[in-house]
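One-letter residues, chain by chain:
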2 protein chains.
Amino acid sequence: MKRPRIVKDLILENTGALTPAERLLADALLSDYPVAGLQSITRLAEAAGVSTPTVVRLARKLGFEGFSEFQDTLREEASAQFKQPMLKRERWPENRGDSPAFRDFAEAAFNNLNRTIERLDPATFDDIAALLSDTARPVYLIGGRITRSNADYLFNHLQIVRPNVTLLSQSSNVWPQYLLDMDERSVLVVFDIRRYERDMATLAALTKERGARIVLFTDQWGSPIGKHADHVVNAMVEVPSSWDSTLAINLIAEALIAEVQTRRWDEARERIEQLEDLFQSTRTFRRLP
Amino acid sequence: MKRPRIVKDLILENTGALTPAERLLADALLSDYPVAGLQSITRLAEAAGVSTPTVVRLARKLGFEGFSEFQDTLREEASAQFKQPMLKRERWPENRGDSPAFRDFAEAAFNNLNRTIERLDPATFDDIAALLSDTARPVYLIGGRITRSNADYLFNHLQIVRPNVTLLSQSSNVWPQYLLDMDERSVLVVFDIRRYERDMATLAALTKERGARIVLFTDQWGSPIGKHADHVVNAMVEVPSSWDSTLAINLIAEALIAEVQTRRWDEARERIEQLEDLFQSTRTFRRLP
DNA sequence: GGCAACCTGTAAAGATCGTTTCAGAGTAAC
DNA sequence: GTTACTCTGAAACGATCTTTACAGGTTGCC
């Protein structure tokens, strides 16, 4: 397997052509590679026991413009090393006519999902699953202009798995009516990504005052609702588009649905069976494949 | 096994206490951790889109004397990481308390996305994008019981990018009214995954009779509507859950939105700007981060 | 609607850095 | 012993960086 040629190789290949002081420096670099090279030139020189011009000279000898360029290269290498995702996009098949735009979009989406999972605290996921599994707690959901579909998706599935789930209307003027019913047992699930919506922040504040728990799905920067929320899920949303991607939010939502269903399996199965019967009688649906 | 507390944890723990600009910065740091923090403060600030004092302030907020000390800590961490053998840096870090169920779910979801992209013919994607970009063609969208959120999502974005987009109501008894307006220029986008819905099949047949184009988003097995559809996207939907995952459908939908927007960029931008102004006048939204 | 508190960037100061210059030390050849 | 050459670091330089001070802008509260 081919490893990309990195600065380390450059140094090793040129050991023969190095002067004594340069070798001291090369040794210092390799013994704490690549981080040693990411300090200031002064500190690196001191650590290696040489002078700063020696450092510049070595950088030049390796083919760089100066120490700065040498360091930039090192930094890029380090960055690439750290960026190994846990779940990978498979290799793109050769000779596919995919537009580069599509590829970029897919890559970005995979990245977002990875980083979202990475950033998600397992305890947070557990806590949210526990809240949503507790049927003694009525659940209310609300989404914003863009995220209303996400709210709807979670609502749609939660409603099948458990009772007492309500999707709040889009129009804020009817929210007070829902607020009336919320108390410290209630759970409000809010979806709010950038272009954070004032109305929802107000709703969250009022909900909190009534003692309800708040679960927030937001972007990497975080909606101001975070101040009131008990549990926050930060999803990465940036893609090469004018719009944000809510794919990562959906992933977590779907995983939550699966988890909640598992936790209350017996009750859920009964509900689902009843639902099956109801659909059966309406003949609206075709048989399962 | 406990992982030593590192700066990353410090940032994550304090996200709640961060100001908007600081969050931008935190995101930049986390998105290329830890190497992003090893640049000069100027470059880091630029990359994050904030000013240098903001960087200093964040470093202080995290408990460091200043940026330099912050960076030194980061460098030590990076050095320690690199000194560990490669094998130790596992994909799914052992120390994460994720439930195995969550891990399985995530892996299945990634698999679905990979296989969906693999199976998607680039020409199909192109054709659909072309259809949706053509404003001479009115677009109608309809989703099923589960996929209605996906239809809504696509509708929501398409409506911003172009005129003449309609989301059909859930209740089939009003569909005939929409049918009246459909002709050979029209495009019907149908979302139908298993437990394929009879009513939608009927709707698709009737639509086809009127000469309209039909785009179908379905699962790996294929809805019977495929018979009438001009373009079919097969998304993999199986996950370890009683429910199907529509994540792959969403990925393609999002990519389509981006593509359509690119194709009619000039017109789309104008629409978006107008929309911005409209939102500006209602003070419902907060400033962009 | 007005006031206080907070947030954030501009600009300037002072520190550090990267680079260059230059002179001295070392070495090999004759 | 002299000469020519290479190697090396001290010192000085502008450039860049980190930090600080300050002021404009926004938000939240009464």
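Read on for a plain summary of the structure. Computed from a predicted model, the values in this text were never measured in an experiment.

Taken together, 20 residues form the shell around DNA strand D, and within it T19(A), A21(A), I41(B), R60(B) and F67(B) come nearest. Within 4 Å of the protein, atoms of DNA strand D come from sugar and phosphate in 72% of cases. Taking T19(A), its side chain carries an N or O atom lying 2.3 Å from a phosphate oxygen of DNA strand D. One nitrogen or oxygen atom from the side chain of S51(A) is found 3.1 Å from a phosphate oxygen belonging to DNA strand D. For the surface near DNA strand D, the elements supplying multiple residues, two or more each, are α2 (20-31) and α4 (52-61) of chain A together with α3 (41-48), α4 (52-61) and α5 (67-83) of chain B. It is α4(B) that provides the largest number of residues to the surface near DNA strand D, a total of 4 residues. The residue inventory of the surface near DNA strand D, partitioned by class, reads 8 nonpolar, 9 polar and 3 charged.

Attention now moves to empty space enclosed by the protein. For the coordinates displayed, the defined rule picks out 4 cavities of 30 Å³ or more. In this structure, the largest cavity encloses a volume near 50 Å³. What lines the largest cavity is F105(A), V239(A), S241(A), W243(A), D244(A), S245(A), Y153(B), H157(B), E254(B) and I257(B). For the lining of the largest cavity, the secondary structure elements donating two or more residues are α8 (148-161) and α11 (247-263) of chain B. A per-class count over the lining of the largest cavity returns 5 nonpolar, 3 polar and 2 charged.

Here the focus is α4(A). Residues and elements named next belong to chain A. All of the buried residues in α4 are T54, V55, L58 and A59. Seen end-on, α4 carries its buried residues on one side only, within an arc spanning 140°. Structurally, α4 contributes buried residues whose contacts are with α2, α3 (41-48) and α5 (67-82). Directly after α4, the chain includes G63, whose backbone phi takes a positive value near 105°.

Moving on: the sheet that holds strand β3 (residues 187-192) of chain A. All names here are of chain A. Strand order in the open sheet made by the 5 strands is β2-β1-β3-β4-β5, with parallel pairing throughout. A single partner strand is all that each edge strand has here, and the edge strands are β2 (165-167) and β5 (231-235). When the angles between neighbouring strand axes are averaged without regard to direction, this sheet yields 15°. Summarising the sheet, strand β1 (residues 139-143) and β2 pair through 3 bridges and their orientation is parallel.

Next up on the list: the side chain of E22(A). All names here are of chain A. Along the chain, the position of E22 falls in helix α2. Since its relative accessible area comes to 5%, E22 is described here as buried. Ignoring any residue separated from it by four or fewer positions in sequence, one finds E22 in contact with A17, T54, R57, L58 and K61.

Side chains of nonpolar character tend, in soluble globular proteins, to be buried together. Core analysis: the largest hydrophobic core is formed by 161 residues, its most contacted members being F70(A), I117(A), V189(A), F217(A), F70(B), V189(B) and F217(B). Discounting residues that sit within four places of it in the chain, F217(A) has contacts with V189(A), V190(A), F191(A), D192(A), V233(A), I249(A), I252(A) and L256(A).

With that out of the way, let us pick up the interface of chain A and chain B. Where the parts come together, the accessible area they lose is often given as the size of the interface. Listed per partner, the contact involves 93 residues of chain A and 94 residues of chain B. Carbon and sulfur atoms make up 58% of the area that chain A and chain B hide from each other, which totals about 8,900 Å². Viewed at the interface, chain B and chain A are joined by 7 salt bridges. For E118(A), the salt bridge goes to K8(B), with nearest N and O atoms at 3.5 Å. Our count for the chain A to chain B interface comes out at 31 residue pairs in polar contact (both at pLDDT 80 or more). Only α5, α6 (100-119), α7 (122-133), α8 (148-161), α10 (198-209), α11 (247-263) and α12 (265-282) of chain A provide two or more residues apiece to the side of chain A that touches chain B. Counting residues per element, the side of chain A that touches chain B draws most heavily on α6(A), which supplies 12 residues. Along the lines of polarity and charge, the residues of the side of chain A that touches chain B split into 45 nonpolar, 21 polar and 27 charged.

What follows is about the protein's contact with DNA strand C. Every one of the 17 residues lining DNA strand C counts as a neighbour, but I41(A), R60(A), F67(A), T19(B) and A21(B) are closest to it. Backbone polar atom of F67(A) to a phosphate oxygen of DNA strand C: 2.9 Å apart, as the coordinates give it. Within the contact set of DNA strand C, a phosphate oxygen lies 2.8 Å away from a backbone nitrogen or oxygen of A21(B). Elements that contribute at least two residues to the surface near DNA strand C include exactly α3, α4 and α5 of chain A together with α2 (20-31) and α4 of chain B. Counting residues per element, the surface near DNA strand C draws most heavily on α4(A), at 4 residues.

On the surface, E267(A), E270(A), E273(A) and D277(A) cluster together into a patch of negative charge. Examined against the element boundaries, E273(A) turns out to sit in helix α12.

Going through the model one piece at a time under the given rule, you end up with 25 salt bridges over all chains. For R115(A), the salt bridge goes to D27(B), with nearest N and O atoms at 3.2 Å. With R115(A) in helix α6 and D27(B) in helix α2, the pair connects residues from two separate chains. The pair formed by R115(A) and D27(B) is uniform in burial state, with each residue classed as buried. With its nearest N and O atoms 3.9 Å apart, the salt bridge here joins D266(A) to R269(A). Of this pair, D266(A) and R269(A) are both found in helix α12, 3 residues apart, which corresponds to roughly one turn of the helix.

Procedures and definitions
- Residues numbered from 1 in each chain as written.
- Chains lettered and ligands numbered in written order.
- Predicted model: local features only at pLDDT ≥ 70, side-chain atom pairs only at ≥ 80, totals over all residues.
- Heavy atoms only, no water.
- Near = heavy atom within 4 Å.
- Polar contact = N/O pair within 3.5 Å; in protein donor to acceptor, adjacent residues only side chain to side chain.
- Helix = DSSP H or I, 4+ residues; strand = E, 2+ residues; numbered from the N terminus.
- Nonpolar A, V, L, I, M, F, W, Y, C, P; charged D, E, K, R; others polar.
- 1 Å grid on protein atoms, 1.4 Å probe; cavity = no way out; pocket = protein on both sides within 12 Å on 5 of 7 lines; lining within 4 Å.
- Points joined across faces, edges and corners; volume = space filled by probe spheres on them.
- Buried < 20%, exposed > 50% of the residue type's maximum accessible area, 1.4 Å probe, protein only.
- Arc of directions from axis to C-beta.
- Contact = heavy atoms within 4.5 Å.
- Pairing = 2+ DSSP bridges.
- Axes fitted to C-alpha atoms, helices over the stretch in contact; angles between N-to-C directions.
- Core = buried A, V, L, I, M, F, W, Y, C linked by side-chain atoms within 4.5 Å.
- Buried area = accessible area lost by both parts, 1.4 Å probe.
- Salt bridge = Lys/Arg side-chain N within 4 Å of Asp/Glu carboxyl O.
- Patch = residues over 30% accessible without salt bridge, like charges linked within 9 Å, V, L, I, M, F, W, Y side chains within 5 Å.
- Areas by Shrake-Rupley, 256 points an atom, 1.4 Å probe, with all protein chains shown as cover.
- Lys, Arg positive; Asp, Glu negative; His and termini not counted.
- Charge placed at Lys NZ, Arg CZ, Asp CG, Glu CD.

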